[in-house]
2 protein chains.
Amino acid sequence: MEIDFDKAGGLVPAVIQDDTSGEVLMLGFMNAASYQETRRSGEVVFFSRSRNKLWKKGESSGHVLKVRDVRVDCDADALLVRVHPVGPGVCHQGYRSCFFRSLEESGAPRVVAERTFEPEAVYPRPASGKTGEGN
Amino acid sequence: MEIDFDKAGGLVPAVIQDDTSGEVLMLGFMNAASYQETRRSGEVVFFSRSRNKLWKKGESSGHVLKVRDVRVDCDADALLVRVHPVGPGVCHQGYRSCFFRSLEESGAPRVVAERTFEPEAVYPRPASGKTGEGN
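A few points about the overall build of chain A
Point 1. Scanning chain A from N- to C-terminus turns up 2 helices and 8 strands.
Point 2. Listing the helices and strands of chain A from first to last along the sequence gives β-β-α-β-β-β-β-β-β-α.
Point 3. Here chain A has a C-alpha radius of gyration of 15 Å; the compact-globule value for 135 residues is 14 Å, and the two agree.
Point 4. Summarising its shape, the C-alpha atoms of chain A cover approximately 40 × 35 × 30 Å along the three principal directions.

Structure (structure tokens):
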């Protein structure tokens, strides 16, 4: 079957879920080329909207995401990638998951996870806090 | 904190996860109005890209998604909504999760879930198979 890359300008959202714990780790986007490279290499490769190029998760940090299973939704325009995450976390802010904050109804964020690593020790340049794309 | 609705033309992807089992049930998009309505009502409301309007999940089937927690990612452009799903499944094709197929590397789909309901008994009109938006 064909993944529907056309609905959102060549991209589909890819939910990254820990295959063992079930924790949702992050969400990225893939285009056809990054999807193909993900399948070829067995490690997750996104398309970075801010940098406008393929972006291999973990290319500098070593925190790669080993693909265990790829699922597609009913209308083939979203992916669920079940992975084994190498390293202590995927988030450039030092957490296992990028979804480390709960949002109150008021809009106030509340951190609901423990930091699992020091980002400064992993990412050579200061995390910008803007792109969410620590490598 | 502010959710970044600007990065993708007013929309953010919202991953829907079963709060009890951890299963990822579906992915939809929210704009600011659907997010506000989700928080106000305590039940998930998406923005339908194909119908170009707010879309309350379960509005006709009764299979609403009760919000248990809303999480936001590090760069505030994706949401993880943990829910209690009312009813036997969220997928208009009759499955608990819309991600009921695994994709082989060859591109061949393989159904990895059991059907939990008969869509014909729930959705009055035949499922189109195109929008993925059974109500």
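That shown, we press on.
As for the pattern of salt bridges
Residues and elements named next belong to chain B.
Point 1. Across all of its chains, the model carries 20 salt bridges over all chains by this definition.
Point 2. A salt bridge links Lys7 to Asp77, with the shortest nitrogen-to-oxygen separation between them at 2.6 Å. Of this pair, Lys7 sits in the segment before strand 1 (12–18) while Asp77 sits in the loop between strand 5 (65–72) and strand 6 (79–85), and the two are 70 residues apart along the sequence.
Point 3. Taking relative accessible area as the criterion, Asp77 reaches 7% and is therefore assigned buried.

Observations regarding helix 1 (residues 32–41) of chain A
Point 1. If you check which residues of helix 1 of chain A are buried, you get Ser34, Tyr35, Thr38 and Arg39 of chain A. What you see down the axis of helix 1 of chain A is that its buried residues fit within an arc of 135°, all on one side. Away from its buried face by more than 90 degrees, helix 1 of chain A exposes Gln36 and Arg40 of chain A.
Point 2. Its buried side turned inward, helix 1 of chain A meets strand 2 (24–30), strand 3 (45–48), strand 4 (53–56), strand 5 (65–72) and strand 6 (79–85) of chain A together with strand 7 (101–103) of chain B.
Point 3. Downstream of helix 1 of chain A by a residue or two, Gly42 of chain A has a phi angle that is positive, lying close to 75°.

A look at the environment of Asp4 of chain B
Residues and elements named next belong to chain B.
Point 1. On the secondary structure map, Asp4 appears in the segment before strand 1.
Point 2. Discounting residues that sit within four places of it in the chain, Asp4 has contacts with Val12, Asp75, Ala76 and Asp77.
Point 3. A distance of 3.1 Å separates a polar side-chain atom of Asp4 from the backbone nitrogen of Asp6.
Point 4. Of the polar contacts made by the side chain of Asp4, one reaches the backbone nitrogen of Lys7; its length is 3.5 Å.

Some details on the relation of the copies chain B and chain A
What relates the two chain copies is a rotation about an axis together with a slide along it.
Point 1. At an RMSD of 0.0 Å, chain B and chain A line up after a rotation of 180° and a shift of 0.0 Å along the axis. When the rotation and shift are considered jointly, the pair of chain copies conforms to a two-fold rotation axis. Among all C-alpha atoms of chain B, that of Gly22 of chain B lies closest to the rotation axis, at 2.9 Å.
Point 2. When the interface residues of chain B are mapped onto chain A, 100% of them are again interface residues, pointing to one common binding face.

A look at the side chain of Thr38 of chain A
All names here are of chain A.
Point 1. Note on placement: Thr38 falls in helix 1.
Point 2. Within polar-contact distance, the side chain of Thr38 engages the backbone oxygen of Ser34 at 2.8 Å.
Point 3. Those residues within four positions of Thr38 in sequence are excluded, and the remaining contacts are Met30, Glu43, Val44, Val45 and Val67.

Considering the side chain of Ser102 of chain A
Point 1. Looking at where Ser102 of chain A falls in the secondary structure, it is placed in strand 7 (residues 101–103).
Point 2. A polar contact of 3.5 Å, which involves the side chain of Ser102 of chain A, links it to the backbone oxygen of Val70 of chain B.
Point 3. In this view, Ser102 of chain A contacts Ala108, Pro109, Arg110 and Val112 of chain A together with Asp69, Val70 and Arg71 of chain B; residues no more than four positions away in its chain are not counted.

Things to note about the packing of aromatic side chains
All names here are of chain B.
Point 1. Scanning the entire structure with this criterion turns up 4 aromatic pairs over all chains.
Point 2. Between Phe46 and Trp55, the ring centres sit 5.1 Å apart and the planes meet at 35°, which makes this aromatic pair tilted.
Point 3. Its relative accessible area of 0% is what places Phe46 among the buried residues.
Point 4. Between the aromatic rings of Tyr95 and Phe100, the centroid separation amounts to 3.9 Å while the plane-to-plane angle is 10°, which identifies the pairing as stacked.
Point 5. A residue is classified by how much of its surface remains accessible, and Tyr95, at 10% relative accessible area, is buried.

Parameters and conventions
- Residues numbered from 1 in each chain as written.
- Chains lettered and ligands numbered in written order.
- Predicted model: local features only at pLDDT ≥ 70, side-chain atom pairs only at ≥ 80, totals over all residues.
- Heavy atoms only, no water.
- Helix = DSSP H or I, 4+ residues; strand = E, 2+ residues; numbered from the N terminus.
- Rg over C-alpha atoms; globule rule 2.2 N^0.38 Å.
- Salt bridge = Lys/Arg side-chain N within 4 Å of Asp/Glu carboxyl O.
- Buried < 20%, exposed > 50% of the residue type's maximum accessible area, 1.4 Å probe, protein only.
- Arc of directions from axis to C-beta.
- Contact = heavy atoms within 4.5 Å.
- Polar contact = N/O pair within 3.5 Å; in protein donor to acceptor, adjacent residues only side chain to side chain.
- Least-squares fit on C-alpha atoms with pLDDT ≥ 70 in both.
- Phe/Tyr/Trp six-rings, centres within 6.5 Å; stacked < 30°, edge-to-face > 60°.

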